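# Working through the structure, step by step
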Amino acid sequence: MIRPATPDDAEGIVRIYNHYIRDTVITFEEEAITAGTMAKRIESGVNAGFPWLVAEEDGAVLGYAYAGPWHPRYAYRFSVEVTVYLDPDAGGRGLGSQLYESLFEALMGLGVHAVIGLIALPNPASVALHEKFGMTPAGKLHEVGYKFDRWVDVGLWQRTLTADR
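We now turn to the structure provided with this report.

Side-chain positions along a regular strand alternate between the two faces of the sheet. Burial analysis of strand β3 (residues 60-69) places seven of its ten residues in the buried class, which makes it a mostly covered element. Sheet topology places strand β2 (residues 52-57) next to β3; six bridges connect them, and they run antiparallel. Looking at the pairing, E57 lines up with A60 of β3. Hairpin connection, β2 to β3: the antiparallel pair is bridged by two residues, and D58 has positive phi, about 50°. Looking at chain direction, β3 and strand β4 (residues 79-86) are connected through seven bridges and run antiparallel. Its bridge partner lying in β4, G68 is registered against E81.

Now the structure itself:
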């Protein structure tokens, strides 16, 4: 089931996210976060009008996706950054696609013009997911992240949702 996330989902979400912090370069955060910190992030995003979604099965959070501001400057107000994270044991079941499908539907309803995804490279699964939803490569930032004693490139993927404002 895909549904809106609430601060009550923070424990399940942070369990997933902390795996990516500790064990991957997919996020550039380096210190595990608490459920309280995640609850504040969810509440802040939702209160600002951005969708946060979870994939839930038998009461367990198996993945989540959300949108947030691309940049704080006012001219960027119609552009958002999106992301999705799955429990490492829940991959290959289509949950990422279900989350993004629901997220993109919500963004269209909000009048979002441009959707941007940042992907730490290499990450073929994430590239495939973003491209499945019509996102195309928009650039590559070379060696902008440093984690686990190595430099990491970041690719930008983008999709336009609305033709005009």
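A few words on the packing of aromatic side chains. Tallied over the entire structure, the rule returns ten aromatic pairs. Ring plane angle 5° and centroid distance 4.0 Å describe the contact between W52 and Y66, whose orientation is recorded as stacked. Of the two residues, W52 is situated in strand β2 and Y66 in strand β3; the sequence distance between them amounts to 14 residues. Given a relative accessible area of 6%, W52 falls into the buried group. With centroids separated by 5.4 Å and ring planes inclined at 25°, the aromatic side chains of Y64 and Y85 adopt a geometry described as stacked. Taken as a pair, Y64 in strand β3 and Y85 in strand β4 lie far apart in primary sequence, 21 residues in all.

Rules of the game
- For every chain, the first residue of the written sequence is number 1, and numbering continues from 1 onward in sequence order.
- Totals for whole chains, interfaces and linings use all residues, but because this is a predicted model, local features are given only for residues with pLDDT of at least 70 and pairs of side-chain atoms are given and counted only at 80 or more.
- Excluded from the side-chain calculations are hydrogens and water; all other atoms, namely the structure's heavy atoms, are used.
- When a residue's accessible area, from a 1.4 Å probe over protein chains only, is under 20% of the maximum for its type it is buried; when over 50% it is exposed; and in between it is partly exposed.
- Secondary structure follows DSSP: runs of H or I at least 4 residues long count as helices, runs of E at least 2 residues long count as strands, and numbering of each begins at the N terminus.
- Two strands are said to pair when DSSP picks up at least two bridges between them.
- Here is the rule: rings of Phe, Tyr and Trp (six-membered ring for Trp) pair when centre to centre is within 6.5 Å. Planes less than 30 degrees apart are stacked, more than 60 are edge-to-face, and the remainder are tilted.

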